[in-house]
Amino acid sequence: MNGNLAQAVGRAFAADGPLARSDPHFLARAAQDTLAARIAQAVAGRETLVAEAGTGVGKTFAYLVPLLLSGRRALISTATKSLQDQLFLRDLPRLRDALRVPVRMALLKGRASYLCRHRLMQAQLGAQLPDRFAVRALYRVAQWAQATQSGDLAEIEGLDDRSPVIPLVTSTRDNCLGSECPEFRACHVMQARREAMAADLVVVNHHLFFADMALRDSGVAELLPTVDVAVFDEAHQLVEAGVQFLGTTLATGQAIDLGRDLLAAGLAHARGLQPWNDLQAGIERAARELRLACAGEQREVRGMLKRRWEERGEATEPALQGMADAALAAAQALAGVAEAAPDFPKLEQRARTLAALAALFGGEAAADHVRWIDLTPQQARMVESPLDIRQMLTEQRALAPRAWIFTSATLGDDEGLSWFTASTGLEDAEKLRVGSPFDYPAHARVWVPARFPLPNAPGHAAAVGALAARCAGALGGRTFVLTTTLRVLPVVADALAAQP
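Residues numbered from 1 in each chain as written. Predicted model: local features only at pLDDT ≥ 70, side-chain atom pairs only at ≥ 80, totals over all residues. Heavy atoms only, no water.

Regarding the overall build of the protein chain
Move 1: In terms of helices and strands, the protein chain carries 21 helices and 11 strands.
Move 2: Against the 2.2 N^0.38 benchmark of 23 Å for 500 residues, the protein chain shows a C-alpha radius of gyration of 25 Å, consistent with a compact globule.
Move 3: Along the first, second and third principal axes, the C-alpha set of the protein chain runs to 75 × 55 × 50 Å.
Move 4: The buried share of the protein chain, reckoned over its 500 residues, is 47%.
Move 5: By sequence separation, contacts in the protein chain at least 24 residues apart represent 75% of the contacts at least 6 residues apart. (Helix = DSSP H or I, 4+ residues; strand = E, 2+ residues; numbered from the N terminus. Rg over C-alpha atoms; globule rule 2.2 N^0.38 Å. Buried < 20%, exposed > 50% of the residue type's maximum accessible area, 1.4 Å probe, protein only. Contact = heavy atoms within 4.5 Å.)

Some points on the sheet that holds strand β6 (residues 248-251)
Move 1: Here four strands make up an open sheet; going across it, the order is β6-β9-β8-β7 and the pairing antiparallel. In this open sheet, the two strands that pair with only one neighbour each are β6 and β7 (305-308). Between one strand axis and the next, the sheet turns by 25 degrees as a mean value, whatever way the strands run.
Move 2: Note that strand β8 (residues 369-375) and strand β9 (residues 380-386) share seven bridges and pair antiparallel. Across the sheet, residue W372 finds its bridge partner in β9, namely V383.
Move 3: On top of the sheet, helix α16 (residues 343-361) reaches β6, β8 and β9; it is set at about 105 degrees to β6, its chief contact. (Pairing = 2+ DSSP bridges. Axes fitted to C-alpha atoms, helices over the stretch in contact; angles between N-to-C directions.)

As for α16
Residues three or four positions apart in an α-helix share a direction because the helix packs 3.6 residues into each turn.
Move 1: Here α16 spans 27 Å end to end across 19 residues, near enough to the 27 Å set by a 1.5 Å rise per residue.
Move 2: The complete set of buried residues in α16 reads D343, F344, L347, E348, R350, A351, L354, A355, L357, A358 and F361. (Expected span 1.5 Å × (residues − 1).)

Here's the deal with the side chain of R119
Move 1: Topologically, R119 is positioned in helix α6 (residues 117-126).
Move 2: Within the local environment of R119, its side chain forms a polar contact with the backbone oxygen of P167, the two atoms lying 2.9 Å apart.
Move 3: Polar side-chain contacts of R119 include one of 3.4 Å to the side chain of D261. (Polar contact = N/O pair within 3.5 Å; in protein donor to acceptor, adjacent residues only side chain to side chain.)

Focus on the pattern of salt bridges
Move 1: Inspection of every chain in the model, using the stated rule, returns 25 salt bridges.
Move 2: With a closest N to O distance of 2.9 Å, K109 and D85 form a salt bridge. Taken as a pair, K109 in the loop between β3 (105-107) and α6 and D85 in helix α5 (residues 81-99) lie far apart in primary sequence, 24 residues in all.
Move 3: Since its relative accessible area comes to 3%, K109 is described here as buried.
Move 4: D85 gets classed as buried once you look at its relative accessible area, which sits at 18%.
Move 5: Two residues, R350 and D261, come together in a salt bridge whose shortest N-O distance is 2.9 Å. Taken together, the positions of R350 in helix α16 and D261 in helix α13 (residues 252-269) put the pair 89 residues apart, joining distant regions of the chain.
Move 6: Exposure remark for R350: the relative accessible area of 9% places this residue in the buried category.
Move 7: Relative accessible area serves as the criterion here: at 10%, D261 is assigned to the buried category.
Move 8: Residues joined by salt bridges that share partners form a network here, namely R119, D257, R260, D261 and R350. (Salt bridge = Lys/Arg side-chain N within 4 Å of Asp/Glu carboxyl O.)

Quick notes on unusual backbone geometry
In terms of backbone geometry, most residues other than glycine have negative phi values and most peptide bonds are trans.
Move 1: One non-glycine residue, R46, lies in the positive phi region at around 50 degrees.
Move 2: Relative to the helices and strands, R46 resides in the loop between α3 (30-45) and β1 (48-53).
Move 3: Phi at R478 takes a positive value of approximately 45 degrees, unusual for a residue other than glycine.
Move 4: On the secondary structure map, R478 appears in the loop between α20 (460-475) and α21 (489-497).

Focus on the environment of V243
Move 1: Turning to its location among the elements, V243 is positioned in helix α12 (residues 238-245).
Move 2: Residues V243 and F210, spaced 33 residues apart in sequence, show a C-alpha to C-alpha distance of 8.7 Å.
Move 3: Once residues within four sequence positions are removed from consideration, V243 is found in contact with W372, S385, P386, L387, D388 and I389.

Let's talk about the packing of aromatic side chains
Move 1: Summed over all chains, the structure comprises nine aromatic pairs.
Move 2: With 5.8 Å between their ring centres and 5 degrees between their planes, W276 and F344 make a pair best called stacked. Taken together, the residues W276 in helix α14 (residues 276-295) and F344 in helix α16 connect sequence positions 68 residues apart. Grouping residues by exposure puts W276 and F344 together as buried.
Move 3: Ring geometry for F406 against F420: centres 6.0 Å apart, planes inclined by 55 degrees, an arrangement best described as tilted. Taken as a pair, F406 in strand β10 (residues 403-408) and F420 in helix α18 (residues 418-424) lie far apart in primary sequence, 14 residues in all. Each member of the pair F406 and F420 is classed as buried.
Move 4: The ring of W309 carries R371 above its face, with NZ or CZ at 5.1 Å from the centroid. (Phe/Tyr/Trp six-rings, centres within 6.5 Å; stacked < 30°, edge-to-face > 60°. Lys NZ or Arg CZ within 6 Å of the ring centre and 35° of its normal.)

Quick notes on the pairing of strand β2 (residues 74-78)
Move 1: Across the five residues that make up β2, a large majority, five, are buried.
Move 2: Both faces of β2 are covered, namely the face carrying A74, I76 and T78 and the face carrying L75 and S77.
Move 3: Note that β2 and strand β4 (residues 201-205) share five bridges and pair parallel. Along β4, the bridge assignment pairs I76 with V203.
Move 4: Here four bridges tie β2 to strand β5 (residues 229-232), and the two strands are oriented parallel to one another. From the neighbouring strand, A74 faces β5, where its bridge partner is V229.

Things to note about α14
Move 1: Its 20 residues give α14 an end-to-end C-alpha distance of 29 Å, which sits within 8% of 28 Å, the value for a rise of 1.5 Å per residue.
Move 2: Every buried residue of α14 is listed here: W276, L279, Q280, G282, I283, A286, A287, L290, R291, A293, C294 and A295.
Move 3: Immediately beyond the C-terminal end of α14, within one or two residues, lies G296, with a positive phi of roughly 60 degrees.

Read these as geometric descriptors, not functional statements.
Right, here's the structure in full:
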């Protein structure tokens, strides 16, 4: 198998091979050939490989071709939903057709990416929308829902990921009614999971992978034991995603969602039986006070701001107690009407979970864990997480013999790639470093501006926009600005446009 797969991969990348025949612009690259051959070896031998491949090597095709030609069941995890879509909608179909391999592929995202028909109907009946833009967005979702097959909200062109409508028309682990849902047979989440379990190759993202390892809620936990190969692209983001999603989070948005759902269900199924408006207002007030306490003196936040746990405001503990009290009051009210509708037991559990989280963050952090606060203009998130993902990955690798491939353009500055392997427990893995074919010394320059605001400083994004305007002016355009988060894009764009 080892030699046969290596030979097949070599033929695929040859100057007269199927890739070259399917694309007149195909250009054989020695670095890509080296990477693909080593990945083929790891797949055939069920080895663990950490491979750094510089920009321009073509690492995506270098791992996809061996996977497709091996005939083995595989899981691919990449950094974002956008990269998922690129792999599933463009790269994989293109290679499948060029290589002429019969492979069944599936795309699996988190719950928040799929329409929940039950919650859409609830939103249409009684959602409190903040403005006319949200009203229009809900109408667009409702129109699209009549024809969609996948239920993937990415199909709706121009729907902002931050739209307040999305939480109204999608489910979470907490508010999903499961088999008791009247729309269970048509559930898009369950459909996506069924397709993933039946596929030969499944594309997920890092956040989904780790969230499922922690909560067993997305189908990945059932899928992983059935695959022969697990590939993690953009692996340099793996640790950050794992630390975030393997931990415990208390978000003020979580409380706001509970209050909104409690009010909607109460008025729809048990009007007059409990003070639903007062309960919702109490939860919303507690969430607002907790966010203010987390922000402390940082009243205005642009984009995302991370704060040390020690920087939280003095009112945090009283605010956490207020959150616990409001959540418990809601839970008691919901318990009193539990038999009125299937929504109420779920809501009661969510309220008790929220109270427990408030109590947890009111105490000391667990050993070998770290806490911090994420602030955005809309909410605050308290996070307690393990320091790294070593234990989790080590346990998963020990469960069954399979190939594990980790690849990225930036994994370390030594041959052992220790920056990445030390935090993932992969010191024992095979390592490969393949340099970029680009001639950087001849064609690139690096400039680090002096006296520039730090990335977590309030004025950083605006300074990036102003600097981008200067560069574009000097170059006559021809400028590409890449940000790490969508939240700062409007700030950068406004600052750029403001420059003369």
